[in-house]
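Spelled out, the chains give:
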Amino acid sequence: VIMNGLYQEMDEVNSSVRTSVKGVAYTKERIWDTAEYTIPMQASLNLMSAVNSFFVMTNIIKTENQLEETCPEYPFAKAICSSDKSCEKGSVDIHSHGIQTGRCVSYNAAVKTCEVRAWCPVESMQPPPEPAVLRSSEDFTVLIKNNIHFPKFNYTVLNIPPNLNTSCTYNKITSPLCPIFRLGDILQEAKENFSEVAVKGGIIAIEINWDCNLDSWFYHCSPKYDFRRLDDKKIQPGFQFRYARYYKLPHEKEQRTLFKVYGIRFDVLVFGTGRKFNSIELIKNIGSMISYFGLVVTAIEVAIYLGNWSRCGKSPFYKIYNRKKYETVLNPRQVMYVSYVDEPHVTLIKKPLKTSLQHAQGSVVESHPVKFCDPGSYCTSESDENHDNEESEPMRISDPNENRGNEYELGQPLRQGASSPDCQKWCCCGKCQPTQEYHEQLCCRRKYGQCITTSHGFQQLVLSSHTLKKALLYKDPFLDLNDRNINNQLRHLAYKQYIHWRFGSFDLEDRAIVPSCCRWKIRDTYPKEDNNYTGFKIE
């Protein structure tokens, strides 16, 4: 906004140009002054409506003492004849100098042409002389007066400095504001050779560019001049036209001298804008600028994508960016969550498994909070804990058809295969049961150490029959705790309690995997009657 002046209102320049050419040349015992090489050209320019232009003659072909009479046509292809039959009376060709009379006459000793009624002798179609007749016009000078006006701001300025040195000449480095230009320097700035252009003429643009800051604290309003050639140097280059001077002879007959003039036309082109502070423009552009910030994200994403594409999709930054930007939604049936007692986080592992679940590589999903109290799990008081200590060994429900000796005896002893060599490859606690299924080969620990099933917390939070029964009664106050199937409910609730303890949420119970050692500890404490378990999921 500041550097590009977008806090300012803008106005286009209105301009007027006046020029004054000075210089005198001497060729073939003749003096050429301003009246000789400018006045006829100005008349031709008015016909072309070239108001901001001036013309300097550089070359000339004269045809003198022309009278209106009959004479041979200049020998061009369609004018050459062999007899009167080749010439049609009253015919006019586009290249002809007059109207044919129907006669074939001698142009010279070698060529015959059709006779025409025209200004005779007719003009010769010879090329312009080289070097140019007025090649010394290179040293002529022109004063350019340029008034500009900005209507919105009612501001007018002239390109002539107040303290102008009238003897100065424009130089891009030493005198960039001098309005007096040497013609040779103009063509040199346009990267042209004056002597070459002078032969056939040309069109040169003098560009005046006004970039005005009209604010008092940053005021700047000076012209900048540039020069370039406008006509094509390859396709019919040059600039030329004809004019005549007429004389009355003593017998009232009219005579003229025809001039074919070559020269350089200088077109003065004025461009520019004026700028001044405007609070409305400032507010508008700040609003627009703020809206562009929405494109920043898109631009950065495109840059990241192109960077990744240039590295054939191996950019590590692109992978990090994608992982941070997008959350991958996995099919619940294709993922498993595991929790180790010696790691503070939950690990996500994708199916299918190619090795044991214990050794499968996964990704950290969260640091789980260790919770236990919620409406589905009864929170014990200190007296309850003491009561649980008295019943630290889970109770096996008595069967009326059987005579049990000890009511609080474990339902089944722990499997003797817990330390079997078959499970040592993936078991780190020594309490896991051997299995051939990869998804059941999970220990409670990552590294070798004590099993979680031996901890006081596991006994109180997961296995305690007092706690589990109170939780069941919390849900169903009229539950019959002496029912023969009560072990199934206690076992299922123990699984849930373990998941809630180690994973922090009941939401994961269908995807959270209970380690082998914990699963069999719960099963041994609250066994099925037929000892037929469906696997690692809750039966």
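Since the model is a prediction, treat every value here as computed from it, not as a measurement.

Trainee: Before we go on, may I ask you to explain the nonpolar core in this structure?
Mentor: Nonpolar side chains in soluble globular proteins generally cluster together in the buried interior. Ranked by size, the top nonpolar core spans 47 residues in total, and within it Phe54, Leu183, Ile186 and Phe266 carry the most contacts. The greatest single-element share of this core, amounting to six residues, is contributed by strand 11 (residues 202-213). Filtering out sequence-adjacent residues up to four positions away, Phe266 remains in contact with Asn52, Ser53, Phe54, Val56, Leu183, Ile186, Leu187, Ile204 and Ile206. Ranked by size, the runner-up nonpolar core spans 36 residues in total, among them Trp426, Ile452, Val462 and Ala494.

Trainee: How should the pattern of salt bridges be read in this particular structure?
Mentor: Throughout the structure, instances matching the rule amount to 19 salt bridges. Close ionic contact of Glu192 with Lys233 constitutes a salt bridge, the shortest N to O distance being 3.3 Å. Residue Glu192 is located in the loop between helix 2 (183-189) and helix 3 (194-200), and its partner Lys233 is located in the loop between strand 12 (223-229) and strand 13 (240-248); the two are separated by 41 residues in the primary sequence.

Trainee: Before we go on, may I ask you to explain the state of the cysteines in this structure?
Mentor: Here is the idea: a disulfide is a covalent bond, and it sits between the sulfur atoms of two cysteines. In the structure shown here, the tally under the stated rule is five disulfides. Disulfide pairing places Cys81 opposite Cys104 at an S-S distance of 2.0 Å. The chirality of the disulfide connecting Cys81 with Cys104 is right-handed, given an S-S dihedral of about 95 degrees. Of the two residues, Cys81 is situated in the loop between strand 5 (53-72) and strand 6 (99-106) and Cys104 in strand 6; the sequence distance between them amounts to 23 residues. A single burial state applies to Cys81 and to Cys104, both of which are buried. Linked covalently through their sulfurs, Cys212 and Cys221 form a disulfide whose S-S length is 2.0 Å. Here the S-S torsion is close to 60 degrees, and the disulfide linking Cys212 with Cys221 is therefore right-handed. The residues Cys212 and Cys221 share a single accessibility class, namely buried. Sulfur of Cys429: no disulfide; nearest cysteine sulfur belongs to Cys443 and is 3.5 Å away. Cysteine Cys451 remains unbridged, with the sulfur of Cys429 as its closest cysteine sulfur at 3.6 Å.

Trainee: How should the packing of aromatic side chains be read in this particular structure?
Mentor: The description of an aromatic ring pair rests on the distance of the ring centres and on the angle between the ring planes. Inspection of the entire model under this criterion finds 18 aromatic pairs. Relative to Tyr107, the ring of Tyr74 lies with its centre 6.0 Å away and its plane at 80 degrees, an arrangement referred to as edge-to-face. Linking Tyr74 in the loop between strand 5 and strand 6 with Tyr107 in the loop between strand 6 and strand 7 (112-120), this pair joins segments that are 33 residues apart in sequence. Judged by its relative accessible area of 19%, Tyr74 is buried. Measuring from centroid to centroid gives 6.0 Å for Phe181 and Phe227, while their planes differ by 70 degrees, and the two rings are edge-to-face.

Trainee: Explain a nonpolar patch on the surface to me, please; I cannot follow it from the model alone.
Mentor: Together, Ile286, Met289, Ile290, Tyr292, Phe293, Leu295, Val296 and Ile300 line one region of the surface with nonpolar side chains, adding up to about 770 Å² of accessible area. Those elements that provide at least two residues to the nonpolar patch are helix 4 (279-292) and helix 5 (294-310). Top element by residues in the nonpolar patch is helix 4. It accounts for four residues. Along the polypeptide, Tyr292 turns up in helix 4. Classification of Tyr292 by relative accessible area gives exposed; the value is 53%.

Quick notes on the rules
- Residue numbering note: each chain is counted from 1, following its sequence as written.
- Local features in this predicted model are restricted to residues whose pLDDT is 70 or higher, and side-chain atom pairs enter the listing and the counts only when it is 80 or higher, whereas totals over whole chains, interfaces and linings include all residues.
- To obtain the side-chain values, all non-hydrogen atoms of the structure were used and water was disregarded.
- By nonpolar core we mean a set of buried residues, namely Ala, Val, Leu, Ile, Met, Phe, Trp, Tyr and Cys, connected to one another through side-chain atoms within 4.5 Å.
- The buried label applies to any residue whose accessible area, calculated with a 1.4 Å probe on protein chains only, is under 20% of its type's maximum; exposed applies above 50%, and partly exposed to all values in between.
- Secondary structure is summarised from DSSP: a helix means a run of H or I of at least four residues, a strand means a run of E of at least two, and numbering begins at the N terminus for each.
- The criterion used for residue contact is that any of the two residues' heavy atoms lie within 4.5 Å.
- Think of a salt bridge as a Lys or Arg side-chain nitrogen and an Asp or Glu carboxyl oxygen that are within 4 Å of each other.
- Criterion for a disulfide: a pair of cysteine sulfur atoms at a distance within 2.5 Å.
- When the centres of two rings from Phe, Tyr and Trp lie within 6.5 Å, Trp using its six-membered ring, the rings pair. Their planes under 30 degrees apart give stacked, over 60 give edge-to-face, and anything left gives tilted.
- Patch rule: a residue counts if its relative accessible area is over 30% and it has no salt bridge; like charges are joined within 9 Å, and nonpolar side chains (Val, Leu, Ile, Met, Phe, Trp, Tyr) within 5 Å.
- Per-residue and other accessible areas were derived by the Shrake-Rupley procedure at a 1.4 Å probe size, with only the shown protein chains allowed to occlude residues.

Geometric descriptors of this kind do not, in isolation, establish any biological role.
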